[in-house]
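Report on the structure
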Amino acid sequence: MSILLQIAVAASLALCVLSAQTPTSHASGPAQFDLTAIDKSVDPCVNFYQYACGTWMKNNPIPADQAMWGRFNELADRNRDILHEILEAAAKPSAGRDATTQKVGDFYAACMDEKAIDARGLTPLRPELDRIRNLTDKSQIASEIAHLQAIGVGALFEFSSGQDFKDSNSVIAQFDQGGLGLPDRDYYLKEDAKAVELRQKYVAHVQRILELAGEQPERAKAGAAAVMQFETALAKGSLDLVSRRDPEKVYHKIGKPELAALSPAFRWNEYFATSGTPEFQSINVSHPEFVRTFNALIENAPLADWKTYLAWRLLHSSAPLLPTPFTEEDFNFYGKTLTGAEAMRPRWKRCVDFTDSELGEALGRKYVERTFGVEGKARTLKMVAALEKALGEDIQMLDWITPATKAQALIKLKAITNKIGYPDRWRDYSSVAIKPDDPVGNSFRADEFEFHRELNKIGKPVDRLEWTMTPPTVNAYYDPLMNNINFPAGVLQPPFFYNNGDDAVNFGGIGMVIGHELTHGFDDQGCQFDAYGNLKNWWTPKDQEEFRQREACVADEYGGFSVAPGAFVNGKLTLGENTADNGGVRVALMALLNTIGSQTARVGGYTPEQRFFLSFGQVWCQNAREAALRLQVQTNEHSPAEFRVNGVIENMPEFQKAFSCSLGQPMAPVHACHVW
Ligand SMILES: [Zn+2]
């Protein structure tokens, strides 16, 4: 249930290395927000996003291999360049390499050796394909699925560990729906022309992958149809994305006997044995209907269809490390069709990202040694303190919450802990064998390590030092079950954070991010968890009703934004993020004003408040392809960049005052929403 700030689009791939921005270093000097990004032909009161970013958008077209291109990506590219240097050096075999350097270096080198990968063909995958082909009875499916999941193949469902929503000090087994090749269940169920066309393209993609794996065209065609039928059945038994945001709807704690009763045809004992799951009493089954659904598939679908489905999941998951025809076909659907990207990213970028995702804390350790200083950590902590103080004042001032609920909110705020930069204790990968000539095996072994690491937490005390993002990540998260906020080193840089920089710019950047994450503790999801991370109501009924009304205002506001014909933002899916954006910016501005007192000096012609809003707006400067935006509004809890900016400032009298807007102008609507 981590809640991310960044817009993440599946298979959004990068090409051009934009030049790194050189941070300037003091408030009285040149402005640290980008004056050249501004489009002065636009009235900020009419469209602030266009004003803040218009010239940037004109000057920064989307690279061919990208679905979206924004200032987040520029920073991610700079971080990736550092990782690239580290990995190129680590990949050179030398006697003096330490164990961590050997692992990340050989992992990267194996991934980079395209010639060897092409020459090997499907040989590295052959033992796994044979295992599936040799299944003789549906009673073997449970065990095979456990094996595939362990090596990183997303087959049928997700199984892991996690804190008990209602007893956050215990770690229990967690079952979740899964096993789909399209981005969400609605892609299988919607009947509009675009959805139908996309499904046809998906089936053609599955067919081509099966053909590449050696299937005759006619058999591959029948196989792809079977996969579609199979996944459509799973989709019908899946819970929709909006419902999945409601913690009560995804909490069903049961025991092994109840699980067995839901799915008598699935051999759970063999599944648990093969997966190496520790003994346990309780499991949270997010959506019991999904278990009934796959039980029916075991009973009714022929073994041949199961084999085709499992082979497809294996080939799909391994495609990035298979010979060129597979990577190209994978990009063709998941990159080109789904996101609109025109070209594949260069291999080194894919391999850097792959190393980050598979051995993240080994590579991250090297990254932190190179980049992150004590100074950055100290200044970030100071800003977190300023933001927490401002949110406390904000809660005190609100007129719609009664003192009883206010007191509870303040207890929760005080209990929020924070983690900055990187883990205090690094993950130990010593048991993972990494070889320079075995990319597929490396990936299986790294996934197996991670799968077992997660399962082995069941029944153990909660590890509060653990991170769910790697240090170079340009992102941040609030975790409602830990009640903590987390800021990887990767995001504590320009344009979010300038060491020794202008306070107005830093509060509009990383200050807004800190405020965003803190506010998540009080959005429509977060507010259902208490100070200890338990799903437990701490609201009076009257306050709850007031809160619901204010949230409905935000849901309606964002639900009115559209990105393309017929493609509207889903106000309910994005409600938590939009609430966090609105609260975050308001609280960050309060913290800025607390910090700078009566200073009003202009920089670049702009007051501190104006610089704050420009810094905030420019963090989100972005160009995006229509396909990527359509995908985003269907599947992503984050609103598109333009609305993350305009949707917020339309609710802020502070903005309207800073830019002298008059009531009734587009950025100063008569009806504004205000939650936190
Ligand atoms: Zn968020």
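Procedures and definitions
- Residues numbered from 1 in each chain as written.
- Predicted model: local features only at pLDDT ≥ 70, side-chain atom pairs only at ≥ 80, totals over all residues.
- Heavy atoms only, no water.
- Helix = DSSP H or I, 4+ residues; strand = E, 2+ residues; numbered from the N terminus.
- Rg over C-alpha atoms; globule rule 2.2 N^0.38 Å.
- Buried < 20%, exposed > 50% of the residue type's maximum accessible area, 1.4 Å probe, protein only.
- Contact = heavy atoms within 4.5 Å.
- Pairing = 2+ DSSP bridges.
- Axes fitted to C-alpha atoms, helices over the stretch in contact; angles between N-to-C directions.
- Disulfide = S-S within 2.5 Å.
- Phe/Tyr/Trp six-rings, centres within 6.5 Å; stacked < 30°, edge-to-face > 60°.
- Lys NZ or Arg CZ within 6 Å of the ring centre and 35° of its normal.
- Donors = N, O, S within 2.8 Å, 3.2 Å for Na, K, Ca; no water.
- Parallel < 35°, antiparallel > 145°, perpendicular 65-115°, else oblique.
- Left-handed = near helix turned anticlockwise from the far one by under 90°.
- Nonpolar A, V, L, I, M, F, W, Y, C, P; charged D, E, K, R; others polar.
- 1 Å grid on protein atoms, 1.4 Å probe; cavity = no way out; pocket = protein on both sides within 12 Å on 5 of 7 lines; lining within 4 Å.
- Points joined across faces, edges and corners; volume = space filled by probe spheres on them.
- pLDDT = per-residue confidence, 0-100.
- Salt bridge = Lys/Arg side-chain N within 4 Å of Asp/Glu carboxyl O.

Moving on, we come to the overall build of the protein chain. Summing up its helical and strand segments, the protein chain has 27 helices and twelve strands in all. Taken over the C-alpha trace, the protein chain has a radius of gyration of 25 Å; the compact-globule value for 676 residues is 26 Å, and the two agree within 12%. By its C-alpha atoms, the protein chain is 75 × 60 × 50 Å across when sized along the principal axes. A buried classification covers 59% of the 676 residues belonging to the protein chain.

In this section: the side chain of D330. For D330, the position within the fold is in helix α15 (residues 324–339). For D330, the residues in contact, after removing those within four places along its chain, are H205, H316, A319 and G335.

A sheet is described by the order of its strands in space; here four strands give the open sequence β3-β4-β6-β5, paired in mixed fashion. Two strands in the sheet have a free side with no partner beyond their single neighbour: β3 (157–164) and β5 (253–255). Taken over all neighbouring pairs, the strand axes of this sheet differ in orientation by 40 degrees on average, direction set aside. With three bridges joining them, β5 and strand β6 (residues 282–285) adopt antiparallel strand pairing. Counterpart to K253 in the pairing with β6 is N284.

Here is the idea: a disulfide is a covalent bond, and it sits between the sulfur atoms of two cysteines. This model, assessed by the stated rule, comprises four disulfides. With a sulfur-sulfur separation of 2.1 Å, C45 is cross-linked through a disulfide to C661. Judged by the sign of its S-S torsion, about -85 degrees, the bond between C45 and C661 is left-handed. Taken together, the residues span a long stretch of sequence, with C45 in the loop between β1 (3–4) and α1 (48–59) and C661 in the segment after α27 (653–658) at a distance of 616 residues. Judged by relative accessible area, which is 3%, C45 ranks as buried.

Next up on the list: the packing of aromatic side chains. The full count for this structure, using the stated rule, is 52 aromatic pairs. With 5.2 Å between their ring centres and 70 degrees between their planes, F266 and F294 make a pair best called edge-to-face. One end of the pair, F266, is in the loop between α11 (256–262) and α12 (268–275); the other, F294, is in helix α13 (residues 288–300), with 28 residues separating them in the sequence. In this structure F266 comes out as buried when scored by relative accessible area, which is 3%. Looking at F294, the relative accessible area reads 0%, which means it is buried. Between W539 and F547, the ring centres sit 5.0 Å apart and the planes meet at 45 degrees, which makes this aromatic pair tilted. Residue W539 is classed as buried on the basis of its relative accessible area, which comes to 6%. Classification of F547 as buried rests on a relative accessible area of 6%. Through a chain of ring-to-ring contacts, three or more aromatic side chains come together here, namely F157, F159, F175, F266, W268, Y271, F272, F280, F290 and F294. K419 extends its terminal NZ or CZ atom over the ring of W467, reaching a point 5.3 Å from the ring centre.

For the rest of this paragraph, the subject is the coordination of the zinc ion. Distances from the zinc ion to its protein donors, H516 (NE2), H520 (NE2) and E577 (OE), fall within 2.0 Å. Sequence spacing of the donors to the zinc ion: H-x3-H-x56-E. Separated by 57 residues along the polypeptide, H520 in helix α21 (residues 503–520) and E577 in helix α23 (residues 575–596) bring together distant segments of the chain. Comparing H520 with E577 shows no difference in burial state: the two are buried.

Relative to each other, helix α3 (residues 99–112) and helix α20 (residues 439–455) sit at 135 degrees, their axes nearing to 8 Å. With respect to their mutual orientation, α3 and α20 come out oblique. Classified by chirality, the crossing of α20 by α3 is left-handed. Of α20, the residues touching α3 (which contributes D106, F107, A110 and C111) are P439, N442 and S443. Class assignment of the residues belonging to the contact of α3 with α20 gives a composition of four nonpolar, two polar and one charged.

Here N484 is to be found in strand β9 (residues 484–488). What makes N484 buried here is its relative accessible area of 4%. When the C-alpha atoms of N484 and G54 are compared, they prove to be 36 Å apart, with 430 residues separating the residues in sequence. The contact partners of N484, leaving out residues within four places of it in the chain, are I416, T417, K419, Y477, Y478 and D479.

Attention now goes to empty space enclosed by the protein. For the structure on display, the rule yields two cavities of 30 Å³ or more. Around the second largest cavity, the lining residues are I117, R120, G121, P124, L321, L322, P323, P439 and V440. Listed by contribution, the elements that provide at least two residues to the lining of the second largest cavity are α4 (114–120) and α20. Of the residues assigned to the lining of the second largest cavity, the class counts are seven nonpolar, one polar and one charged.

Okay, the confidence of the model for the protein chain next. With 95% of its residues at a pLDDT of 70 or more, the protein chain has an overall mean of 94. In this model residues 1–28 is a low-confidence stretch, pLDDT under 50, and it forms 101 contacts with partners more than four residues away in sequence or in other chains.

This brings us to the pattern of salt bridges. The full count for this structure, using the stated rule, is 42 salt bridges. Of the charged contacts, one joins R379 and D503 as a salt bridge, the two residues approaching to 3.1 Å between their closest N and O atoms. Note that R379 is positioned in helix α18 (residues 374–397) and D503 in helix α21, a separation of 124 residues in sequence. Among the charged side chains, a network of salt bridges with common partners joins E361, R427, E450, R453, E454, K457 and E466.

The subject of this paragraph is the pairing of β3. Across the eight residues of β3, six count as buried, placing the element largely inside the fold. As judged from the eight bridges shared by β3 and strand β4 (residues 167–177), these two strands associate in the antiparallel manner. Residue pairing in the sheet places E158 in a bridge with D176 of β4. Where β3 folds back on β4, the antiparallel hairpin that results is connected by two residues.

The subject of this paragraph is helix α6 (residues 141–150). Of all ten residues in α6, nine are buried; the element is thus mostly enclosed. Those residues of α6 lying buried are I141, A142, E144, I145, A146, H147, L148, Q149 and A150. Those residues of α6 that are buried are in contact with α5 (126–133), β3, α12, α14 (303–318) and α20. The positive-phi residue at the C-terminal boundary of α6 is G152, with phi of around 95 degrees.

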